[in-house]
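# Commentary on secondary and tertiary structure
So you can see what is in the structure, the chains are spelled out below.
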Amino acid sequence: GSSIERGFLLVVLGLIICKGQARANSPRRALERDLYRLLNRLDDNIPEDPPTQGTNRIKARTQYRAGSLTESRSTPNVDALLEQFVQWDYLIREKATEENCVFENLEEGDIVYAIGPRAVMEIGMKQILGFCADVLGQAPDPFMMQELEQEMAVQDNTKVEGA
């Protein structure tokens, strides 16, 4: 993948860690609408809201410039990239339910993202946390690191066959 794709993946993983919420014995998840809002703050060319299921936006926005995932001026096509990252197992996307979410403001049809197994293996939590810390201009939080490693260990032990 291009460096823009990798950079974008790190941003999304970072946002899931920094803004996501974890439930006991389950990995940290971030609401899709929160992700889009945060991404829009980083680059106002990114739409503020996720595409509504069943709309043409996903289709329309995956087809420009002969399959390129980045638009002019290097704004990534967020819809297409998130889709791609889910297919590549860097991200897990699921319907938000009371079981997997601790968010107060759940709405019907909400989607949540979690960090996928491939991101943990190929990039690693330390690097993702380090990236967040760099962006925020802070040192990585050792407690956060410990917490994440425990979350990930739990996730590894509870993998369901065929899930």
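Heads up: the structure comes first, above all this text.
Every value quoted in this text rests on a predicted model; they were computed, and no experiment measured them.

## Considering the sheet that holds strand β1 (residues 29-31)
Whether parallel or antiparallel, the strands of a sheet pair through hydrogen bonds between backbone atoms. Judged by pairing direction, the sheet is antiparallel, and its three strands sit side by side in the order β1-β3-β2 without closing on themselves. The open sheet has two edge strands with one neighbour each: β1 and β2 (91-95). Ignoring which end each strand starts from, the neighbouring axes of this sheet average 30° apart. The pairing of β1 with strand β3 (residues 111-115) spans three bridges and is antiparallel. Bridge assignment links Ala 30 to a residue of β3, and that residue is Tyr 113.

## Quick word on the environment of Met 121
Mapped onto the fold, Met 121 is located in helix α5 (residues 117-122). For Met 121, a relative accessible area of 69% gives the class exposed. Met 121 sits 31 residues away from Tyr 90 along the chain, and the two C-alpha atoms are 9.3 Å apart.

## A look at helix α4 (residues 78-87)
For an α-helix, 3.6 residues make a turn, and residues three or four places apart therefore share a direction. In terms of burial, α4 is largely enclosed, as eight of its 10 residues are buried. Those residues of α4 lying buried are Val 78, Asp 79, Ala 80, Leu 81, Leu 82, Gln 84, Phe 85 and Val 86. Of the residues trailing α4, Asp 89 is marked for its positive phi of about 70°.

Thresholds, definitions, all that
- Residues numbered from 1 in each chain as written.
- Predicted model: local features only at pLDDT ≥ 70, side-chain atom pairs only at ≥ 80, totals over all residues.
- Heavy atoms only, no water.
- Pairing = 2+ DSSP bridges.
- Helix = DSSP H or I, 4+ residues; strand = E, 2+ residues; numbered from the N terminus.
- Axes fitted to C-alpha atoms, helices over the stretch in contact; angles between N-to-C directions.
- Buried < 20%, exposed > 50% of the residue type's maximum accessible area, 1.4 Å probe, protein only.

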